[in-house]
Amino acid sequence: MRNDVSIKTPRMLLIPAASVVFLSLLPIAYLVIRGISSFSDLIPLLLRIQVLFIMLKTAALVIAVCFSCIVIALISCWIITRTDLKLKSLWSALMPLPLVIPSYVGAFIVIIILGPKGVLQKALEPLGVSRLPDIHGFEGAWLTLTFLCYPYIFLTLKSAMEKIDPALQEIAQSNGYSYWKYFYKIELPLLRPSIISGSMLVILYTLSDFGAVSILRYQTFTWSIYLQYEAAFDRTLAAGLSLILAFIVISILYLESKTRKNIYYYRTNAKASVSKPFFRLNKLQIPVAILLGAILLIGLIIPLVFLLYLAFQGFMSNQIPTNLFALALNSLMVSSLAAMATLGAGGSIALLTAKFKTRIAVFLENTVYIGFGLPGIVVALSLVFFGANYLTILYQTIPLLIFGYSIMFMPALIGAFKSSLESINPRIEESAKILGESNLGTFRRIVLPLTSPGIVYGMSLVFLLTIKELPLTLILGPLDFGTLATALWNASEEAFFLEAAISGVFIILISIIPMFGLRKLTNESSLWTHYK
Amino acid sequence: MDTLQIELKGISKHFGNIHAVDDITLKIEKGSILSIVGPSGCGKTTLLRLIAGFESPDRGELQIGGSPIWSKDYSMPVQERNIGMIFQDGALFPHLNVKQNIGFAVSENVDSLLNLVGLVGKETSMPHELSGGEQQRVALARSLAANPSTLLLDEPFSNLDIQIRREIRTEVRSILKSYNVTAIFVTHDQQEASEMGDQIAIMKDGAIEQIGNPEEVYVNPQTEFTAKFFSQANLVDGTLQKKTLKTFISETDLSIDKNMNGNMKLVIHPNQLIIESVSDSKKMNGTVRNQIFQGNEYFYTIELENKEIVNVLQSNKQPIEPNTPVKITYTPGKSVICFQEGAQKQFKVNQ
């Protein structure tokens, strides 16, 4: 089938879509323009030794986290795809789960356990240990981010490993290669694009993370920007640092999109494997299961158990955040508003890009994805500068906060909505039209009911992302406005750990609400996708 | 003429450099079914989409029931053309049940339509619960519910099993006839085209090669393409000189009705050739390369000594096995069709 409709992009969609993209890029564009115009003031600031330290510290953390994530992901993927480990599907479902823990919750648990007067130190006290090395700084941040980020590589690597034709190994071995020589010479090069692509995501996460590094007091870009913003009267340095960070992130996004094309190239001739040569673990079954279990224990179970335990203690000792109900309500409110706003803003872009593959539509879509990659703190700061100068009425109001969420999370909604739009057979819409239904009627009676699972899914994603969001809420929220996330962060800053844990449990509880919806909807929508 | 339902005048449509539809002129009478048959990519689906209104022609004119639906300065919206269309994959609305699908446009008569297409009892089934044949029955009922003046069918049976195809073909034809709907039926299967259509149009590279009733087109192909693609005939090199017709197979003295000479491609239907296995290699002029059992007859592929390939259809008690040397003979019939430099010519043989 050739083009379904004439190739012209319809104005009715193009105008709102282009306006949304323009608006969402306005603040960041403003930041760049301001940065360039005050270039001469900025240069001496950025050449300070302090900035060099921030760069080095950030680079050190990024490299360390990335390396340890690769090691964990490679080992666990290899075990799951290449051995006869029992309960494989359970392991592969559990291994990516640490992804759902917000970084500030992870960091907060690290302090609870390994921090000064933490659980570990208390446990070791009878043995005469009165001090542990301080977990604040590099070590804590490295540990926290490693266990939160390895799933990114795990997921990309696992699907790549499953697609490698086992015949390759048989051929290599029949040519006299040992297994490890085969792995090193053949399999690893084939997996390289996936490892790189997963690592890019880890790098992006680490560069953008604010929660963990701020709680663990490690001066990367994000925390330094925040400190500068909070402390200094002159915010030029904060703006300069944001610019550098934005530049780095956009470069990585660009590289990431390149490597993704490579993965596709590498996978094209890989077929689903019929029989896989498994390594028999025999006596090693239990030790290997313990190894994977240990990763999950650190990344998932300990954080959750401690969070629940501390929250329970908090309730028992009545150390409940005074405004818990209001906080929960605020979190619910901004998350729901953000979900609705992104639908309003992103809907036209999804419709446009799903139906019309014109150059302008592709350009708009790619551009809007920049917002997804930008660290929350950068988006927040650009909105602060822009809002303080041009939108004084909206500055530090809920609408501006929602606008910020939309910039960051719109691509999640667009992706979900667009893929459900694309799964509709175009002949179905044509059938409705030839039966006499108007374009609007076709949208209402056919497109909307068929894509509603995708829309709800996209909105739920935005809801989940918003409820966990920290730096943007912290900076752009109105005075005295708090959500569960900011309350957790503030409480752990002031060492009110029990209060913090209660907020953390509530974040997780509220996050579960849309998850139930997601499950039910994916079942229904999968039913529809069976029908072609 | 009030019996004329669909009229296309010089319709063209291109996509980039490809002329999908190239200057097509067609007339279809009210209540008749036109089959358009051609290889994939010949533009037959595009032609339907132009009539339906999903695409706009580059030039030409479209009329339905005597009034224009598309011309240089007028385009009637899809919704107002009162045309029905059935797609290859049915394109049922996946979130609506059978009854809701049929009643999408007009909710009256749903019960009688269900009865017509034999789906009583399946009212509340969802599309994904139906077989391919049932889905196409729903699609047909859904189109008929809107009482269209014209129905376009775009390879509606090509996703179905062969047995179901036969059955549904005759059924759909009789339903269309009983509703007196004018229909255009597109397919790449020549047999399906002959069974469904009152008229047949052979399409190639965006243009119509020949149009006529099925028998006429079969017996009297106007182009080499039609002879090969629709009539499945052999095009055998031959020369006619001084009333002697010479092919690689045979040399016959003929008394013919006109004065013709020169090289030609002879249209020889597979059942006009006769083969017999020979043991004497001096008598052989071909070898069996393939043999397919077709019920009453065998379909043979023969490689001639000069490497030409011809098809032969004949009934044998004992099939001739592949690689058997054969003697192949040809006796011209009363009327011979041939092509000289692309132009079709005929001559009669006086016997």
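Residues numbered from 1 in each chain as written. Chains lettered and ligands numbered in written order. Predicted model: local features only at pLDDT ≥ 70, side-chain atom pairs only at ≥ 80, totals over all residues. Heavy atoms only, no water.

Colleague: Honestly, the overall build of chain B in this entry has me stumped. Any pointers?
Modeller: Looking only at helices and strands, chain B has eight helices and 22 strands in total. Each principal axis of the C-alpha atoms in chain B carries an extent, and together these give about 75 × 45 × 40 Å. Sorting the 351 residues of chain B into buried and exposed places 53% on the buried side. Partitioning the contacts of chain B with sequence separation of at least 6, the portion at a separation of at least 24 is 65%. Element-wise, carbon and sulfur atoms account for 45% of the exposed surface of chain B, whose accessible area totals about 16200 Å². Once the 34 positive and 42 negative side-chain charges of chain B are each reduced to a mean point, those two points are 6 Å apart. (Helix = DSSP H or I, 4+ residues; strand = E, 2+ residues; numbered from the N terminus. Buried < 20%, exposed > 50% of the residue type's maximum accessible area, 1.4 Å probe, protein only. Contact = heavy atoms within 4.5 Å. Areas by Shrake-Rupley, 256 points an atom, 1.4 Å probe, with all protein chains shown as cover. Lys, Arg positive; Asp, Glu negative; His and termini not counted. Charge placed at Lys NZ, Arg CZ, Asp CG, Glu CD.)

Colleague: Before we go on, may I ask you to explain the sheet that holds strand E4 (residues 59-64) of chain B in this structure?
Modeller: The pairing of strands in a sheet happens through backbone hydrogen bonds and is either parallel or antiparallel. An order of E2-E1-E4-E5-E6 (chain B) is seen for the five strands of this open sheet, with the pairing classed as antiparallel. The sheet is open, and its two edges are formed by strand E2 (18-29) and strand E6 (74-75) of chain B, each paired on a single side. (Pairing = 2+ DSSP bridges.)

Colleague: What is the right way to read the environment of Glu 134 of chain B from this model?
Modeller: All names here are of chain B. Within the secondary structure layout, Glu 134 lies in helix H4 (residues 132-145). Overall, the relative accessible area of 18% leaves Glu 134 in the buried class. The spatial distance from the C-alpha of Glu 134 to the C-alpha of Cys 42 is 29 Å, given a sequence separation of 92 residues. Setting aside chain neighbours within four positions, we find Glu 134 in contact with Leu 119 and Lys 122.

Colleague: Any chance you could explain the nonpolar core here in plain terms?
Modeller: Soluble, globular proteins show a tendency: their nonpolar side chains are buried together. Met 95, Phe 108 and Tyr 150 of chain A are the most contacted members of the largest nonpolar core, which has 131 residues in total. The leading source of residues in this core is helix H3 (residues 49-82) of chain A, at 13 residues. Setting aside chain neighbours within four positions, we find Met 95 of chain A in contact with Ser 76, Ile 80, Tyr 150, Pro 151, Phe 154, Leu 292, Ile 295 and Leu 296 of chain A. Counting 62 residues, the second-largest nonpolar core is a separate cluster that includes Val 21 of chain A together with Leu 26, Met 76 and Ala 201 of chain B. (Core = buried A, V, L, I, M, F, W, Y, C linked by side-chain atoms within 4.5 Å.)

Colleague: Whenever I open this one, helix H13 (residues 285-316) of chain A confuses me. Can you help?
Modeller: Since there are 3.6 residues in each turn of an α-helix, residues three or four apart along the chain are aligned in direction. Roughly 55 degrees is the biggest bend found in H13 of chain A, and it falls at Leu 297 of chain A. Two residues or fewer past H13 of chain A, Asn 318 of chain A is found with a positive phi of approximately 60 degrees. (Bend = angle between axes of the 7 residues up to and from the residue.)

Colleague: Just checking my understanding: could you explain the pattern of salt bridges for this structure?
Modeller: If charged atoms from side chains of opposite charge come close, those side chains can pair. Tallied over the full model, the rule gives 24 salt bridges over all chains. Two residues, Arg 82 of chain A and Glu 187 of chain A, come together in a salt bridge whose shortest N-O distance is 2.7 Å. With a gap of 105 residues between them, Arg 82 of chain A in helix H3 and Glu 187 of chain A in helix H9 (residues 179-208) connect regions that are remote in the sequence. The salt bridge partner of Lys 122 of chain B is Glu 134 of chain B, with a shortest N-O separation of 3.4 Å. Of this pair, Lys 122 of chain B sits in the loop between helix H3 (110-116) and H4 while Glu 134 of chain B sits in helix H4, placing them 12 residues apart in sequence. Judged by its relative accessible area of 29%, Lys 122 of chain B falls in the partly exposed class. In the salt-bridge network here, residues are joined through shared partners; they are Arg 165, Arg 169, Asp 189, Glu 192 and Glu 195 of chain B. (Salt bridge = Lys/Arg side-chain N within 4 Å of Asp/Glu carboxyl O.)

Colleague: Any chance you could explain the packing of aromatic side chains here in plain terms?
Modeller: Each aromatic ring pair is specified by the distance between its two centres and by the angle formed by the two planes. Residue and element names in this part refer to chain A. Within the structure shown, the criterion is met by 26 aromatic pairs over all chains. Between the aromatic rings of Tyr 152 and Tyr 205, the centroid separation amounts to 5.8 Å while the plane-to-plane angle is 50 degrees, which identifies the pairing as tilted. Here Tyr 152 is found in helix H7 (residues 138-163), whereas its partner Tyr 205 is found in helix H9, with 53 residues between them in sequence. A residue is classified by how much of its surface remains accessible, and Tyr 205, at 21% relative accessible area, is partly exposed. (Phe/Tyr/Trp six-rings, centres within 6.5 Å; stacked < 30°, edge-to-face > 60°.)

Colleague: Where do I start with the interface of chain A and chain B in this structure?
Modeller: In many reports, interface size means the accessible area that the parts give up when they come together. Taken residue by residue, the interface counts 24 residues in chain A and 29 residues in chain B. Taken together, the connections running from chain A to chain B amount to one salt bridge. The partner of Arg 49 of chain B in a salt bridge is Glu 430 of chain A, and the shortest N-O contact between them spans 2.7 Å. Viewed at the interface, chain B and chain A are joined by seven residue pairs in polar contact (both at pLDDT 80 or more). Breaking the side of chain A that touches chain B down by element, the ones donating at least two residues are helix H18 (426-434), helix H19 (439-468) and helix H22 (497-530) of chain A. (Polar contact = N/O pair within 3.5 Å; in protein donor to acceptor, adjacent residues only side chain to side chain.)

These figures capture arrangement, not role.
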